[in-house]
Protein chains: 2
Amino acid sequence: MNTNSYKQDRVTAYDEAFSLDDEKASQLAELFSSLSDPNRLRILSVLLRGETHVQQISETVAMSQSAVPHQLRGLRQMRIVRARKQGRMVYYSLDDDHVKELFLLGLDHVCHE
Amino acid sequence: MNTNSYKQDRVTAYDEAFSLDDEKASQLAELFSSLSDPNRLRILSVLLRGETHVQQISETVAMSQSAVPHQLRGLRQMRIVRARKQGRMVYYSLDDDHVKELFLLGLDHVCHE
DNA sequence: TGAATATATGAACACTAATTCATATAAACA
DNA sequence: TGTTTATATGAATTAGTGTTCATATATTCA
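Residues numbered from 1 in each chain as written. Chains lettered and ligands numbered in written order. Predicted model: local features only at pLDDT ≥ 70, side-chain atom pairs only at ≥ 80, totals over all residues. Heavy atoms only, no water.

Engineer: Tell me about the protein's contact with DNA strand C, and name the residues and values.
Structural biologist: Neighbouring residues of DNA strand C: 25 residues in total, closest Asn39, Arg40 and Gln71 of chain A together with His70 and Tyr92 of chain B. Among the atoms of DNA strand C lying within 4 Å of the protein, the sugar-phosphate backbone contributes 60%. A distance of 2.7 Å separates a phosphate oxygen of DNA strand C from a polar side-chain atom of Gln71 of chain A. A distance of 3.4 Å separates a sugar or linking oxygen of DNA strand C from a polar backbone atom of Arg88 of chain B. Broken down by secondary-structure element, the contributors of at least two residues to the surface near DNA strand C are α2 (38-47) and α4 (67-77) of chain A together with α3 (54-61), α4 (67-77) and β3 (89-94) of chain B. It is α4 of chain B that provides the largest number of residues to the surface near DNA strand C, a total of four residues. Of the residues contributing to the surface near DNA strand C, the split by class is seven nonpolar, 11 polar and seven charged. (Near = heavy atom within 4 Å. Polar contact = N/O pair within 3.5 Å; in protein donor to acceptor, adjacent residues only side chain to side chain. Helix = DSSP H or I, 4+ residues; strand = E, 2+ residues; numbered from the N terminus. Nonpolar A, V, L, I, M, F, W, Y, C, P; charged D, E, K, R; others polar.)

Laid out in structure tokens, this is it:
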């Protein structure tokens, strides 16, 4: 973890000599890809309000029964959301605040022009 | 500009009653889509260091002659980069700091796990 | 003016990704 | 136990995206 120095303050961290290596580029692209679909974003916007079960997500974002679990699967694999089963319902929530920050920063930008 | 209240402090702005409408969802998805490709991210990582001409981008990120302008076109249309022609070279730079912030926040997250 | 260089663009192709449809699993309830 | 409800999954379809190849435009230089 000392071969790079990404861990500095975000804005000042970017070294002039820095060039994004292939692996980091791919990871970063994967992260942003998770946020690159309107329906996925709407699912996340629901989860931003708190833990919710699948059916309720479907209704809120007006997606079909099977489309929602399909998307949730991807988000789960990216560790963006987390599932908790209770009875026959499965409750999803954001796995941490990382994506919430990105989401809100992005929304901020979109809404300012 | 007062039909929404997105302009509050980012973290507290997210109203419990808020649900991402279709248009905002699409705009946001478009924004994140701009960052959803490794090569595009590498191009941006070069531009983060400052204004650069196309050929130099090609060399730095090891992309073909035509692939780079193709990608730059998309970034230009999204107003993420800006072009300045000088002689037969075209110099590109980031159009503002919006995407830089997203890029660095994302990189931050990727590098912390 | 003609050749060389830098960038852009259109079409074709390959690849990815999102949705739907059908079906499977699994829990609750009668 | 059998039926209903909630979620998940696989396959197929469709739409979108990134690259390459060939070519166009535009600028410099001889």
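Engineer: Tell me about the protein's contact with DNA strand D, and name the residues and values.
Structural biologist: In the region of DNA strand D, 25 residues are neighbours, and Gln55 and Tyr92 of chain A together with Asn39, Arg40 and Gln71 of chain B sit closest. Sugar plus phosphate, as a fraction of atoms of DNA strand D within 4 Å of the protein: 62%. The side chain of Arg73 of chain A places a nitrogen or oxygen atom 3.4 Å from a phosphate oxygen of DNA strand D. Where the surface near DNA strand D is concerned, the elements lending two or more residues are α3 (54-61), α4 and β3 (89-94) of chain A together with α2 (38-47) and α4 of chain B.

Engineer: Describe in detail the packing of α2 of chain A against helix α1 (residues 22-33) of chain B, supporting the description with residues and values.
Structural biologist: The geometry of α2 of chain A relative to α1 of chain B is characterised by a closest axis approach of 8 Å and an angle of 110° between their N-to-C directions. In terms of orientation, α2 of chain A and α1 of chain B fall into the roughly perpendicular class. By crossing handedness, the relation of α2 of chain A to α1 of chain B is classed as right-handed. Taken together, the residues of α1 of chain B that come into contact with α2 of chain A (itself represented by Pro38, Leu41 and Arg42 of chain A) are Asp22, Ala25, Ser26, Leu28, Ala29 and Phe32 of chain B. The class makeup of the residues in the contact of α2 of chain A with α1 of chain B is six nonpolar, one polar and two charged. (Axes fitted to C-alpha atoms, helices over the stretch in contact; angles between N-to-C directions. Parallel < 35°, antiparallel > 145°, perpendicular 65-115°, else oblique. Left-handed = near helix turned anticlockwise from the far one by under 90°. Contact = heavy atoms within 4.5 Å.)

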